[in-house]
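Coordinates in review
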Amino acid sequence: MYRLHGFCQSGNTFKVAFLLRALQQPFEPVFVDFMRGATRDAGWRETANEMGEVPVLDDGPRRLTQSGVILTHLARKHGAFGGQGDEEQQEVLRWLFFDNHKFTSYFATYRFMRAFGPAAPDPAVLAWLRSRMDVAFGIVDKHLASREFMVGAAPTVADFSLCGYLFYPLAESGYEVAGRFPAIAAWLERLRAIPGWADPYEVLPGERIAPKWVAV
Ligand SMILES: N[C@@H](CCC(=O)N[C@@H](CS)C(=O)NCC(=O)O)C(=O)O
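Quick notes on the rules
- Residues numbered from 1 in each chain as written.
- Predicted model: local features only at pLDDT ≥ 70, side-chain atom pairs only at ≥ 80, totals over all residues.
- Heavy atoms only, no water.
- Phe/Tyr/Trp six-rings, centres within 6.5 Å; stacked < 30°, edge-to-face > 60°.
- Helix = DSSP H or I, 4+ residues; strand = E, 2+ residues; numbered from the N terminus.
- Buried < 20%, exposed > 50% of the residue type's maximum accessible area, 1.4 Å probe, protein only.
- Lys NZ or Arg CZ within 6 Å of the ring centre and 35° of its normal.
- Axes fitted to C-alpha atoms, helices over the stretch in contact; angles between N-to-C directions.
- Parallel < 35°, antiparallel > 145°, perpendicular 65-115°, else oblique.
- Left-handed = near helix turned anticlockwise from the far one by under 90°.
- Contact = heavy atoms within 4.5 Å.
- Nonpolar A, V, L, I, M, F, W, Y, C, P; charged D, E, K, R; others polar.
- Near = heavy atom within 4 Å.
- Polar contact = N/O pair within 3.5 Å; in protein donor to acceptor, adjacent residues only side chain to side chain.
- Areas by Shrake-Rupley, 256 points an atom, 1.4 Å probe, with all protein chains shown as cover.
- Core = buried A, V, L, I, M, F, W, Y, C linked by side-chain atoms within 4.5 Å.

1. Here we look at the packing of aromatic side chains
- Evaluation of the coordinates by the stated rule reveals 19 aromatic pairs.
- Ring geometry for Phe-14 against Phe-18: centres 5.6 Å apart, planes inclined by 15 degrees, an arrangement best described as stacked. On the criterion of helical spacing, the pair formed by Phe-14 and Phe-18 is a turn pair, its members being four residues apart in helix H1 (residues 11-22). Just as Phe-14 is buried, Phe-18 falls in that class too.
- Arranged with centres 6.5 Å apart and planes meeting at 55 degrees, the rings of Phe-112 and Phe-116 form a pair that is tilted.
- Following the ring pairs from residue to residue traces out a cluster consisting of Phe-14, Phe-18, Phe-81, Phe-160, Phe-167 and Trp-197.
- Looking at Arg-111, its charged tip hangs above the ring of Tyr-168, at a distance of 4.1 Å from the centre.

Next comes the structure, spelled out in structure tokens:
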């Protein structure tokens, strides 16, 4: 059985959990105590991931990291959600890079600082991140205005990657999607309808934490 290392606040882990569930592949969740510094521990990095990040997926003797690599591996292995043919597969890869660089990365950092960070965030840093998010969300919204899924006619791992943080409560990020990005909002409803979708807090290990710095 697959073993998925992560924690419930991690949208990057949720990307993989959602795909495994959509593929009807059971997995054992392995809790990583990120909030108490587990991924910064030298021993953890030695044995789990030298990059100091979750998700980590154990597929038998193979240990995989980077959600984009894991999603691609699972799509190839199970022959689903990978895109049809070379052109679509390259297009999927293009959006995986965009997601990792500009979409998930700014949003996840913003949400973490605002909801779970160790100290009150600097409003100027939040404002800068927000301006980057506005641009990235605008690009994805425009792309989705004329199509149902990011690539081709059916969901692919590009969708699973980009949506990873967007099913968490609004109170954590304070970043309104519904009113501002209608095509993203409609796409999220389509993804929610994929059999296997579940609330991240229902399927990933760890304790829920009340958002801390929401007034900033
Ligand atoms: N590009 C990586 C990002 C993974 C990532 O940032 N994971 C977070 C938790 S959601 C983490 O472990 N961060 C540790 C750190 O930045 O020190 C992926 O997609 O897997």
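2. A word on the packing of helix H5 (residues 123-144) against helix H8 (residues 182-192)
- Contact geometry of H5 with H8 gives a least axis separation of 7 Å together with a crossing angle of 70 degrees. As judged from the angle between their axes, H5 and H8 are roughly perpendicular. The handedness of the crossing between H5 and H8 comes out as left-handed. Each of Phe-137, Val-140, Asp-141 and Leu-144 in H5 lies in contact with H8, whose residues at this interface are Pro-182, Ala-183, Ile-184 and Trp-187.
- When the residues that make up the contact of H5 with H8 are grouped by side-chain class, the tally is seven nonpolar, no polar and one charged.

3. Looking at the site of the ligand
- In the vicinity of the ligand, the contacting residues are Phe-7, Ser-10, Asn-12, Phe-34, Gly-52, Glu-53, Val-54, Pro-55, Gln-66, Ser-67, Asn-100 and Tyr-165.
- A distance of 2.6 Å separates an oxygen atom of the ligand from a polar side-chain atom of Ser-67.
- Contact with the protein chains removes 74% of the 510 Å² of surface that the ligand exposes when unbound.
- Looking at the shell around the ligand residue by residue, the class counts come to five nonpolar, six polar and one charged.

4. Remarks on the nonpolar core
- Core analysis: the largest hydrophobic core is formed by 62 residues, its most contacted members being Phe-137, Ile-184 and Trp-187.
- The set of elements that each furnish at least two residues to this core consists of strand E1 (2-6), H1, helix H3 (67-78), helix H4 (85-115), H5, helix H6 (157-162), H8 and helix H9 (200-203).
- For this core, the element with the highest residue contribution is H4, accounting for ten residues.
- Setting aside residues no more than four positions away along its own chain, Trp-187 makes contact with Leu-144, Glu-148, Phe-149, Met-150, Asp-159, Leu-162, Cys-163 and Leu-166.
- Counting residues in each nonpolar core, the second largest holds six residues, with Phe-7, Trp-44, Val-54 and Val-56 among its members.

In short, geometric facts, not functional conclusions.
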